[in-house]
Amino acid sequence: MKLTHTIFVFLLIFCFNSGAQDVQFTADAPSVVEMGEQFRLTFTLNARPSSFSPPELTNFYVLSGPNQSTSTSFQIINGKTSQSITITYTYYLQATTAGTFTIEPAQAVVDRKEYFSNPLSVEVVGEQKPAPSQQDQRTPSTQPQQLPAEELFVRVLTDRKSVYQGEHIIATIKIYTRLTITGFGSSEMPDFSGFWSQDIESPTQISLQRENVNGVIYNTGVIRKVLLFPQKSGEIIIDPFKLETYIRQQISTPRSIFDDFFGPSYSNVSKMLESEPVKINVKPLPADQPTTFTGAVGSMNINASIDKSGVKTNDAITLRFAVKGNGNLKLIESPKIDFPPDFDTFDPKVTTNIQNTSNGQTGNKTFEYLLIPRHAGNYRIPPVSFSYFNPEKESYQTLQTGEFRITVEKSEEDEQVNVIPGLSKEDLKILGSDILFIKADPFKLFPAGKILFGSLPFYFVYIISLLLFIIIVLIRRAHIKKRQNIELLKNRKASKVARGKLKQAYKCLKQDHKEEFFESLLKAFWGYLSDKLSIPISELSKDTAEKNLNTYISDQELIQRFLKVIDDCEMARYSPQSGTEQMDKLYTEAVKAITKMEQNLR
Amino acid sequence: MKQLAGLILIILLIAQSAFTQDIYDLVKEGNEYYINGEFESAIDKYEAVLDSGYVSPELYYNLGNAYFKSHKLTMALVQYERALLLDPNDEEIINNLALARQYVVDEIDALPELLIKKWYRTFITIFTIDQWAYISISTFIFALVLFLIYLFTRTINLRRFSFWLAFVFLFLAFSTYVFSYHRKKNIYDHNFAIILSPSVTIKGSPDNSGTDLFQLHEGTKVKIIDQMGEWKEIRLSDGNVGWLRDENLIKI
């Protein structure tokens with residue numbers, strides 16, 4: 001009862017396991033072997049096969065095999081039991097001929113399904129010279145031997161020597177040895193100046209592989225793998241990599257019996273290894289860069305989306321812009337998107353999901369823009385352009401997303417807020433500045449440098465008008481002079497004429513011609529005044545005479561006396577009573593007045 | 001003979017008007033090119049008008065705009081400055097010049113100008129050179145007429161009045177003449193220039209071995225104060241003085 005129970009459980013686990021687990025069938029052998037060397041070929045299977053048929057191993061001499069070994073393991077985790085099984089078929093082979101040979105896949109049947117192992121390629125290298133440690137074994141020396149450089153060295157290998165700026169290079173730091181390494185000391189990584197470097201994840205434990213280098217088999221180990229992105233063009237040199245290694249070396253001492261008994265003695269020798277500098281030729285990117293190019297190199301794809309296209313004011317919208325592909329993804333800058341100016345925008349949230357692999361940097365980089373529309377309306381976000389340089393096609397590629405249309409409705413809260421006057425007012429938004437437009441209306445052109453000021457005609461106008469002025473003044477002067485001459489003459493003759501008239505009056509007085517007497521007397525007076533004052537007789541009256549006399553003489557008594565004679569004369573002329581006696585008296589008075597006037601008016 | 005002379009005169013007048021008509025057509029074509037965004041062609045048309053010897057502030061302004069739009073900042077600045085010299089109070093010219101100056105690298109703190117000098121400078125821009133000249137001539141003639149009135153009348157009040165007024169007008173004629181003279185000097189003999197080279201080192205003496213004084217960049221306005229061979233001595237608006245080769249400059 002108990003036994004059957006156990007068997008049942010066993011069977012159950014078995015069935016469970018074989019159904020649940022993927023069958024893995026792998027073949028393993030060193031990739032390089034020496035001629036005549038013995039090596040192991042193993043086929044590993046994680047399930048129990050119903051049949052196993054190995055490939056034909058015609059190119060090798062089979063020393064033994066297949067030797068089957070089985071290992072099983074049980075695991076109980078949280079009460080759950082799991083079992084794993086590993087079945088290994090091992091061959092011991094010896095290489096007989098030089099060349100590269102392929103070991104065909106082995107076939108196994110598990111649960112009526114056929115499985116094949118991976119094919120293997122084994123390189124058989126011709127006769128090796130014996131390792132120097134063995135060669136020099138017998139040389140008597142107390143010192144550890146000098147280690148020849150070709151026995152142990154490090155190299156920095158790059159997959160390409162000539163790349164475009166920004167295109168990735170994979171640099172592999174490898175150690176090559178034919179000696180037994182017991183450990184590593186300090187190491188100095190190159191600083192990769194001129195590059196942006198990213199480590200590719202590799203196992204921390206260095207596993208040695210056999211490799212054929214120029215016909216010599218070395219054990220090689222990858223110390224580090226680095227992705228390099230050149231940041232400048234031109235020739236960039238990767239500095240040497242330095243590594244201190246400890247090697248176990250046999251010390252050759254004078255032989256004694258103990259040596260043979262205890263075996264040879266070894267010591268650890270340290271050696272500083274240094275790789276050779278590597279030159280990388282970096283080509284500059286072609287000059288015809290699109291305006292949207294910001295330095296992305298590789299092969300990429302873009303995708304843009306928004307989470308909603310219809311919102312209410314002050315609701316957030318998220319615009320997601322993703323770049324996917326292979327290239328210098330980490331260095332990609334956020335694209336410039338022309339959001340409507342009425343939107344509040346924030347700096348994009350950047351998320352990266354990037355793996356550094358032997359194929360370069362792959363993954364995606366996402367930019368998330370948060371947009372908050374502040375006003376209702378229909379908005380358009382123009383297509384976003386993204387450019388990158390494709391080193392394989394050696395040309396720039398420009399990708400464009402579609403445009404987005406967003407309808408923003410007024411939210412209820414917003415309407416309430418808007419009721420309060422003056423609160424939602426905002427300053428005029430200046431979207432950009434530009435020069436004012438040209439003056440398109442017809443305008444007047446004028447000949448350059450042709451200005452009136454300083455020209456000959458300009459000065460002529462001054463001179464001519466001045467000349468004209470002078471001429472007018474001169475003419476006037478001459479005219480005045482002429483007239484003054486006449487007046488002067490009249491003036492001089494005035495008393496003479498007046499005396500003549502007085503004489504005539506005197507004659508009339510004698511002949512008692514009363515009428516004629518007064519007439520000549522008046523004529524003498526008026527004529528005298530006219531000549532003296534240069535006033536025509538027609539314009540002469542008592543008033544004007546008095547006024548004008550005032551300007552010439554200050555003696556008021558004389559003026560009054562002179563004018564009184566004229567008055568008396570005019571009165572007597574028309575009065576019938578005037579006798580000769582009165583006339584006599586008037587005559588003497590008139591003579592006296594004129595004489596006196598003549599004295600004053602000179 | 002008289003008829004022949006008349007005929008020649010008429011032909012000349014027609015030729016003259018046809019010529020100016022061509023020039024106005026050029027301006028129109030330039031404007032159309034500008035509106036269509038073909039700034040290089042617009043520049044060619046405007047320059048052709050200038051080559052034929054005709055100018056106007058508007059033309060310089062449009063040419064400056066075309067240069068600005070085709071990203072030739074220095075030439076744009078030169079044209080705007082020329083436009084502003086001819087019409088210093090035009091808002092559009094002032095605006096675009098200020099905008100273009102924002103792209104100039106060098107920031108120079110101008111020495112403060114005397115307030116009276118500044119006022120005077122603005123005051124004389126009220127009229128153009130020839131307007132001032134006309135005012136000067138007419139006030140001069142008026143002053144002469146007033147002198148004549150003074151000489152010819154006997155009425156003492158009128159004589160006194162005309163005498164003083166004549167002096168006032170004579171003074172006006174003289175001062176407007178001076179305004180016209182200064183305005184002309186400001187436009188035609190100003191000695192201002194603009195740096196043409198993207199970057200030029202100003203030397204302490206007119207020689208390549210001279211001490212490097214400072215660095216200037218294209219678009220900066222300087223005043224030429226002296227010259228020696230191919231070298232020009234310049235003064236900045238902050239008072240700094242130095243020498244540079246004249247191929248680095250373009251006169252406004």
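Rules used throughout
- The residue count restarts for each chain, going from 1 along the sequence in the order it is written.
- The order in which chains are written sets their letters, starting at A; the order in which ligands are written sets their numbers, starting at 1.
- Residue-level local features of this predicted model are given only where pLDDT is at least 70; pairs of side-chain atoms are given and counted only at 80 or more, and the full residue set underlies all totals for whole chains, interfaces and linings.
- The helix count covers DSSP runs of H or I at least four residues long, the strand count covers runs of E at least two residues long, and both are numbered beginning at the N terminus.
- To sort residues by exposure, count the other C-beta atoms lying within 10 Å of each residue's C-beta; 20 or more gives buried, 12 or fewer gives exposed, and values between give partly exposed, all with C-beta atoms placed from the backbone.
- When DSSP locates at least two bridges between a pair of strands, those strands are taken to pair.
- Multiplying one less than the number of residues by 1.5 Å gives the expected span of a helix.
- Note on contacts: residues are paired as contacts if their backbone-placed C-beta atoms lie within 7 Å.
- Under the scheme applied here, ten amino acids are nonpolar (Ala, Val, Leu, Ile, Met, Phe, Trp, Tyr, Cys and Pro), four are charged (Asp, Glu, Lys and Arg), and all others, including Gly, are polar.
- Each nonpolar core reported here comprises buried Ala, Val, Leu, Ile, Met, Phe, Trp, Tyr and Cys residues connected via C-beta atoms within 7 Å.
- For every element, the axis is a line fit to its C-alpha atoms; helices are fit only across the contacting stretch, and the angle between N-to-C directions ranges from 0 to 180 degrees.
- Should an angle fall under 35 degrees it is taken as roughly parallel, and over 145 as roughly antiparallel, whereas 65 to 115 is taken as roughly perpendicular and any remaining angle as oblique.
- By convention, the crossing between two helices is left-handed when the near helix turns anticlockwise from the far helix through less than a right angle, and right-handed when the turn is clockwise.

Asker: Outline the overall build of chain B, supporting the account with residue identities and numerical values.
Answerer: Check the secondary structure of chain B and you find 8 helices and 8 strands. When burial is assessed residue by residue, chain B has 30% of its 252 residues classed as buried.

Asker: Any chance you could break down the pairing of strand 21 (residues 278–283) of chain A for me, citing the residues and the numbers?
Answerer: Residues and elements named next belong to chain A. Where strand 12 (residues 162–164) and strand 21 come together, 3 bridges link them in parallel fashion. Along strand 21, the bridge assignment pairs Tyr164 with Lys283. Where strand 18 (residues 234–238) meets strand 21, 5 bridges bridge the pair, whose relative direction is antiparallel. Residue Ile237 lies in a different strand from strand 21, and its bridge partner there is Lys279.

Asker: Lay out helix 6 (residues 514–533) of chain A in plain terms, naming residues and giving numbers.
Answerer: Residues and elements named next belong to chain A. Helix length check: helix 6, at 20 residues, gives a terminal C-alpha distance of 29 Å against a target of 28 Å (1.5 Å per residue), a fit within 8%. On its buried face, helix 6 is in contact with helix 5 (456–511), helix 7 (542–552), helix 8 (556–574) and helix 9 (580–600). Directly after helix 6, the chain includes Ser534, whose backbone phi takes a positive value near 55°.

Asker: Tell me what's going on with the interface of chain B and chain A, and back it up with residues and numbers.
Answerer: Taken together, the contact pairs 31 residues of chain B with 25 residues of chain A. When residues in the side of chain B that touches chain A are grouped by element, the largest group, 11 residues, is from helix 7 (residues 129–152) of chain B. The class makeup of the residues in the side of chain B that touches chain A is 19 nonpolar, 8 polar and 4 charged. Where strand 32 (residues 446–447) of chain A meets strand 1 (residues 54–55) of chain B, 2 bridges bridge the pair, whose relative direction is antiparallel. Bridged to A:Phe446 within strand 1 of chain B is B:Val55.

Asker: Please give an account of the nonpolar core that cites residues and values.
Answerer: Generally speaking, soluble globular proteins have nonpolar side chains that are buried together. Ranked by internal contacts, the top residues of the largest apolar core, which has 36 residues, are B:Tyr46, B:Leu59, B:Leu63, B:Ala66, B:Tyr67, B:Ala76 and B:Tyr80. Counting only elements with at least two residues in this core, the list comes to helix 1 (2–35), helix 2 (39–51), helix 3 (57–69), helix 4 (73–86), helix 5 (91–101) and strand 2 (192–195) of chain B. Setting aside residues up to four positions removed in sequence, B:Leu59 forms contacts with A:Leu445, B:Val27, B:Tyr46 and B:Val49. Residues A:Leu371, A:Tyr388, A:Ile406 and A:Val408 belong to the second largest nonpolar core, which totals 23 residues.

Asker: Kindly report on the pairing of strand 1 (residues 25–28) of chain A, identifying the contributing residues and their values.
Answerer: All names here are of chain A. Where burial is concerned, the two faces of strand 1 differ: the one with Phe25 and Ala27 is buried and the one with Thr26 and Asp28 is not. Bridging between strand 1 and strand 3 (residues 38–45) involves 4 bridges; their strand directions are antiparallel. For Thr26, the partnering residue across the bridge sits in strand 3 and is Thr44.

Asker: With reference to specific residues and values, describe unusual backbone geometry.
Answerer: Even without a glycine there, the phi angle at A:Glu394 is positive, about 55°. Among the structural elements, A:Glu394 can be located in the loop between strand 29 (385–390) and strand 30 (395–400). A positive phi angle, close to 65°, is found at B:His71, a residue other than glycine. You can see B:His71 is positioned in the loop between helix 3 and helix 4. C-beta crowding within 10 Å serves as the criterion here: with 10 such atoms nearby, B:His71 is assigned to the exposed category.

Asker: Describe the sheet that holds strand 18 of chain A, and please don't skip the residues or the numbers.
Answerer: All names here are of chain A. The strand order 12-21-18 describes an open sheet built from 3 strands, whose pairing is mixed. Of all the strands in the sheet, the pair left with one neighbour each is strand 12 and strand 18. If you compare each strand with its neighbour and ignore which way they point, the axes differ by 35° on average.

Asker: Break down the sheet that holds strand 31 (residues 404–409) of chain A for me, with residues and values.
Answerer: By definition, the strands of a sheet pair up through backbone hydrogen bonds, in either a parallel or an antiparallel sense. Residue and element names in this part refer to chain A. Strand order in the open sheet formed by 3 strands is 23-31-28, with mixed pairing between adjacent strands. A strand with exactly one partner marks an edge of an open sheet, and here the two such strands are strand 23 (310–312) and strand 28 (377–381). For this sheet, the mean inter-axis angle between neighbouring strands, taken without regard to orientation, is 30°. Bridging between strand 28 and strand 31 involves 5 bridges; their strand directions are antiparallel. Residue Arg380 lies in a different strand from strand 31, and its bridge partner there is Arg405.

Asker: Quick one: what's the story with the packing of helix 3 of chain B against helix 5 of chain B, residue by residue and with numbers?
Answerer: Residues and elements named next belong to chain B. At a closest axis distance of 11 Å, the pairing of helix 3 and helix 5 adopts a crossing angle of 30°. The angle between the axes of helix 3 and helix 5 places the two elements in the roughly parallel class. Of the two elements, helix 3 crosses helix 5, and the hand of that crossing is left-handed. Contact with helix 3, carried on its side by Pro57, Tyr61, Gly64, Asn65 and Phe68, involves Glu92, Ile93, Asn96 and Ala100 of helix 5 and no other residues of that element. Here the contact of helix 3 with helix 5 is built from residues that sort into 5 nonpolar, 3 polar and 1 charged.

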